[in-house]
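The chain contents come next:
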Amino acid sequence: MTVLISSLRINSARMLESFSTLSLIGSTGDGGVSRVSLSESHLAARTWFRSEVENAGLEFHVDSAGNHSAILPAFALAGEVAQPTGEIGLSQKPLLLRASTLLIGSHLDSVLNGGRFDGALGVVAALEVLRIVKENGIRLRVNLEAIDFTDEEGTLVGLLGSAALAGRLNPESLKKPRGGRQNLVEGMKRAGLDEEGIFKATRPKDSLAGYLELHIEQGKRLERMGINIGIVSAIVGIRSYRLSFIGRADHAGSTLMTDRADASLGASAFALAAREIVMGSFPNCVANVGKMDFIPGAFNIVPARVDLCLEFRSPDAEQFENLDAALMASAKEQAGRFGLELRSECFEKHVPNLMSSGIQKTFADSCNDLGLTHTSFASGAIHDGQSFDGICPIGMIFVPSVDGASHAPRELTKWDDCVNGANVLLQTALKLAG
Ligand code: HGY
Ligand code: MN
Ligand code: MN
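Residues numbered from 1 in each chain as written. Chains lettered and ligands numbered in written order. Predicted model: local features only at pLDDT ≥ 70, side-chain atom pairs only at ≥ 80, totals over all residues. Heavy atoms only, no water.

1. Some thoughts on helix H9 (residues 263-281)
Between its terminal C-alpha atoms H9 stretches 27 Å, which fits the 27 Å expected from 19 residues at 1.5 Å a residue. Looking only at H9, the buried set comprises Ala-263, Ser-264, Gly-266, Ala-267, Ala-269, Phe-270, Ala-273, Ala-274, Ile-277 and Val-278. (Helix = DSSP H or I, 4+ residues; strand = E, 2+ residues; numbered from the N terminus. Expected span 1.5 Å × (residues − 1). Buried < 20%, exposed > 50% of the residue type's maximum accessible area, 1.4 Å probe, protein only.)

2. A few points about the nonpolar core
One finds Met-15, Phe-49, Ile-104, Val-133 and Leu-144 to be the most contacted residues of the largest nonpolar core, which totals 58 residues. With eleven residues, the single largest contributor to this core is helix H3 (residues 120-135). If we skip the residues at most four places from it in the chain, Ile-104 touches Ala-126, Val-129, Leu-130, Leu-144, Glu-145, Ala-146, Ile-147, Leu-212, Leu-425 and Ala-429. Judged by nonpolar contacts, the second largest core, of 23 residues, contains Ala-267, Phe-270, Val-278 and Ala-335. (Core = buried A, V, L, I, M, F, W, Y, C linked by side-chain atoms within 4.5 Å. Contact = heavy atoms within 4.5 Å.)

3. A word on the coordination of the manganese ion (ligand 2)
Distances from the manganese ion (ligand 2) to its protein donors, namely His-107 (NE2), Asp-118 (OD) and His-215 (NE2), fall within the range 2.1 to 2.2 Å. Donor residues for the manganese ion (ligand 2), ordered by position in the chain, follow H-x10-D-x96-H. In this structure, the manganese ion (ligand 2) lies 3.5 Å from the manganese ion (ligand 3), and both are coordinated by Asp-118. You can see His-107 sitting in the loop between strand E4 (101-106) and strand E5 (114-115) and its partner His-215 sitting in strand E7 (residues 208-216), a full 108 residues away along the chain. Given a relative accessible area of 2%, His-215 falls into the buried group. (Donors = N, O, S within 2.8 Å, 3.2 Å for Na, K, Ca; no water.)

4. Here's the deal with the site of ligand 1
In the vicinity of ligand 1, the residues found are Asp-118, Glu-152, Glu-153, Arg-313, Ala-381, Ile-382 and His-407. Between Glu-153 and ligand 1, the recorded distance is 2.9 Å, taken from a side-chain N or O atom to a nitrogen atom. For ligand 1, the accessible surface in isolation is 210 Å², of which the surrounding protein chains cover 94%. Taken together, the residues of the shell around ligand 1 break down into two nonpolar, one polar and four charged. (Near = heavy atom within 4 Å. Polar contact = N/O pair within 3.5 Å; in protein donor to acceptor, adjacent residues only side chain to side chain. Areas by Shrake-Rupley, 256 points an atom, 1.4 Å probe, with all protein chains shown as cover. Nonpolar A, V, L, I, M, F, W, Y, C, P; charged D, E, K, R; others polar.)

5. As for the sheet that holds strand E9 (residues 237-246)
Pairing within the open sheet is antiparallel, and its four strands lie in the order E10-E11-E9-E12. Unpaired on one side and paired on the other, strand E10 (286-295) and strand E12 (341-350) mark the two borders of the sheet. Across the sheet, the axes of successive neighbouring strands diverge by a mean angle of 15°, strand direction being ignored. Helix-sheet contacts for helix H10 (residues 317-337) involve E9, strand E11 (305-314) and E12, and the interaxial angle to E9 is about 10°. (Pairing = 2+ DSSP bridges. Axes fitted to C-alpha atoms, helices over the stretch in contact; angles between N-to-C directions.)

Here it is as structure tokens:
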């Protein structure tokens, strides 16, 4: 039976069943999920993933960074002399060539009380692509690998699994992870991982043919424009700091306002100043103060210290440095204004990355073949593909987010849009791997 490859489509009902089952794992009951990296619910999702892979008759693999994969090995093309890998004689079985691998991935971990589509859609779609290729007996020159990367969200480190696989993990980022060293150690223990093993997950650079990812947009652009598919042109760079504004604990009642070294004032003034700086001088960047811990933290004690979690992002490397300098200068200024000491700790930095123009074109061809409208823009969220920049071609597509919502239980993408994205992923993987 010859299969017209361009006519192949994913099995929507099967993918929906997978996605719906996955959405129950770590469900917060309000449409969202909470599956923070290496938590029990995240590990339960990985157990589910393994059963899906094995039930689909695909090879299961987990590496020493905890990345979970389904693998569909490459097949020797008829008449091609293959180097058998350990098989005696020229068996009729397809030979597993020492081929390179096209990775199709995303992540099963979520942010705390997040949405059920962020990452999860990309993993179930990747799995569905391998199922379709397998059940149609399509022979590809490369291995196809659907992969769920460890700690994409940075609850512990950030892009941990993909950076480890790419050989780009900075040892410092595990020594001083943005999610806290103790949390990382406990997570690794729950998952049966160890630091040394994580660094051993590196793959040979020439073993990767490329990286593709389907993801929800997590913004309003596609919905506003009424367009089916976003072809990602670039992914922003990201930097995170912990800033500590240090004052002095005092009695909240008997200490004159003029006598206080109130840490809350410096931290609060900085949060407002950061917004002004970005909106005033860096309009295509963003900054976020996602957490402030007041220490000791009581009604009647003037805050001695406030630890503030700052994250900022830029699509442009040079502008990034200027934004970093402007924000740090402002933090110093606000600390000085209220007689506070400032301490800063910088966590992992990811530079902005361009997506492969070749893959962008192949995505566009697939959209056209499928009669889907498409546009191209940079991603304001970071993604695992950044770990592979300069190692293999990387490409991403987005599908619309209803009201742009994400990292919240109201995160939603219409199922037809999910199916559109998965079909573009399937057709593009076949074009690139064929
Ligand atoms: O934060 C992000 O950009 C992504 O969702 N990890
Ligand atoms: Mn994501
Ligand atoms: Mn996310």
